[in-house]
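Structure at a glance
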Amino acid sequence: MQLSIVILNYNVRYFLELCLKSVEAAIHDIDAEVIVVDNDSKDGSCTMVRSLFPNVKVIANTCNYGFSKGNNIGVLQAKGEYLCILNPDTVVSEDTFSKVLEFAKTKKNVGIVGCELIDGRGAFLPESKRKIPFVKGALKKLIGQTDEYYENSISAKESGEVAILVGAFMFLKKSVYNEIKGFDEDYFMYGEDIDISYKALKAGYSNYYFGETTVLHFKGESTLRDKNYAQRFYGAMQIFYKKHFKKNVLFDCFVWAGIKLVYVFRKPVEQKTKQVSQYVYVSDKMDEEVKYVLNTDLVFKLGLKDLGVLKKETELIFNANVLKYKEIIEFMNTNYANMGKLVTYKIRPKGSNFIIGSDNAISRGEVVVF
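Residues numbered from 1 in each chain as written. Predicted model: local features only at pLDDT ≥ 70, side-chain atom pairs only at ≥ 80, totals over all residues. Heavy atoms only, no water.

1. What to know about the overall build of the protein
Assigned secondary structure in the protein consists of 12 helices and 15 strands. A burial count over the protein gives 56% of its 370 residues as buried. Accessible area of the protein: about 16900 Å², with a carbon and sulfur share of 51%. (Helix = DSSP H or I, 4+ residues; strand = E, 2+ residues; numbered from the N terminus. Buried < 20%, exposed > 50% of the residue type's maximum accessible area, 1.4 Å probe, protein only. Areas by Shrake-Rupley, 256 points an atom, 1.4 Å probe, with all protein chains shown as cover.)

Put into structure tokens, the structure is as follows:
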């Protein structure tokens, strides 16, 4: 078997369904398996997967083991030569796995491969490619300066060696995963992707960012940035430094003080009311179900080429029954620069009875069920 895709899920049933629909389309011509590890969700995720995706292996944990242990449990049962660690709140293009697989095979001594990730409005996610977070870079990130944290020497659409990749999409050989002992279970959430990337480098492998495929990542679903985000993130950084570097008392003091200051002076999480002047359904025909459930006027557009230039607040609803996921992702990515502040998006997954989307990383996405 060429590939095992391991998806760790926790209470994101509808995002998981969309993710699996996109994965299903992307492994059509690949000898692959999909493993969903569920960390004791209470939203019917496991029932949904067993019902709609009978070929997907479900591992139902009886408690929430966190990111590292949950993924390690899935990998133990993986049969593929290659692994893809994939978040449940992602959407992959139909050619994502075949492209990354081909790229990985051309590289000698390859460790982990990542790709371009965009958020639910089409904006590039800079954590797709990062530098090793040495003390200086981590402290500067604490105050909002990220020049020594993110890898900016390679553009979003280029490919090349980078140090640190993001856990939402990690592609590597299972033999490498086993050699470096997978994810460190000292991390519950945050930091484990930095740790495994660095372990691959220390073992003599080269990590790569591959900019020729794009994955949609609805940030805020599995990694909600709530008021305790800074505390969890920099707590993970402390684990990382204690593991891999000499004890740095100055860093520990700065992090401790920084976490306290960030918590005290944090801005309140804003739940902004979305302004939508028009809803546009992008499909081959009008859908009365969508029109009814939105309870609003619904403009119909025959495919992406019929959209033209949108000059007022618009929510585009993509019908994945007729559009490819790659088309949807590329449209969002390409048009972010000139339409990002005006346009929000939802997707109707193929064969599903809901539309779904997420506009930012600090609040949950929106699901509208028919």
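2. Observations concerning the nonpolar core
Formed by 40 residues in total, the largest nonpolar core has its most connected members in Ile-5, Leu-86, Phe-97, Phe-169 and Phe-171. In this structure, Phe-169 is in contact with Cys-84, Ile-85, Leu-86, Thr-96, Phe-97, Val-100, Val-113, Gly-114, Cys-115, Leu-117 and Val-215, ignoring residues within four places of it in sequence. Core analysis: the next-biggest nonpolar cluster, separate from the first, contains 27 residues, Val-282, Leu-310, Ile-328 and Ile-347 among them. (Core = buried A, V, L, I, M, F, W, Y, C linked by side-chain atoms within 4.5 Å. Contact = heavy atoms within 4.5 Å.)

3. What to know about the pairing of strand β8 (residues 169–173)
In terms of burial, β8 is a largely internal element, four of the five residues being buried. Where strand β4 (residues 82–86) and β8 come together, five bridges link them in antiparallel fashion. The residue of β8 that forms the bridge with Ile-85 is Met-170. Sheet analysis places strand β6 (residues 110–118) next to β8, joined by two bridges and oriented antiparallel. Considered in β8, the bridge of Val-113 is made with Phe-171. (Pairing = 2+ DSSP bridges.)

4. So, the environment of Tyr-281
Within the element layout of this structure, Tyr-281 appears in strand β10 (residues 278–283). Residue Tyr-281 is classed as buried on the basis of its relative accessible area, which comes to 0%. For Tyr-281 and Phe-318, which are 37 residues apart along the polypeptide, the C-alpha to C-alpha distance reads 6.3 Å. Contact partners of Tyr-281, with chain neighbours within four places excluded, come to Asp-287, Val-290, Leu-298, Val-299, Phe-300, Lys-301, Ile-317, Asn-319 and Arg-348.

5. Re the packing of helix α1 (residues 13–26) against helix α2 (residues 45–52)
Viewed as axis vectors pointing N to C, α1 and α2 meet at an angle of 30 degrees, and their least axial separation amounts to 9 Å. Relative to α2, the element α1 lies roughly parallel. As α1 packs across α2, the resulting crossing turns out to be right-handed. Residues Arg-13, Leu-16, Glu-17 and Leu-20 of α1 form the contact with α2, whose own contacting residues are Ser-45, Met-48, Val-49 and Leu-52. Here the residues of the contact of α1 with α2 sort into five nonpolar, one polar and two charged. (Axes fitted to C-alpha atoms, helices over the stretch in contact; angles between N-to-C directions. Parallel < 35°, antiparallel > 145°, perpendicular 65-115°, else oblique. Left-handed = near helix turned anticlockwise from the far one by under 90°. Nonpolar A, V, L, I, M, F, W, Y, C, P; charged D, E, K, R; others polar.)

6. Examining unusual backbone geometry
In the Ramachandran plot, Asp-40 falls in the positive-phi region, its phi being about 65 degrees despite a non-glycine side chain. Turning to its location among the elements, Asp-40 is positioned in the loop between β2 (32–39) and α2. For Asp-40, a relative accessible area of 23% puts it in the partly exposed group. A positive phi angle is found at Asn-295, which is not glycine, with a value near 55 degrees. The topology assignment puts Asn-295 in the loop between α10 (288–294) and β11 (298–302).

7. As for the pattern of salt bridges
Across all of its chains, the model carries 13 salt bridges by this definition. Across the pair Arg-130 and Asp-193 runs a salt bridge, and its minimum N-O distance is 3.0 Å. You can see Arg-130 sitting in the loop between β6 and α5 (135–142) and its partner Asp-193 sitting in helix α7 (residues 192–202), a full 63 residues away along the chain. Judged by relative accessible area, Arg-130 falls into the buried class, the value being 5%. Linking Glu-289 and Arg-348 is a salt bridge whose minimum nitrogen-to-oxygen distance equals 3.2 Å. (Salt bridge = Lys/Arg side-chain N within 4 Å of Asp/Glu carboxyl O.)

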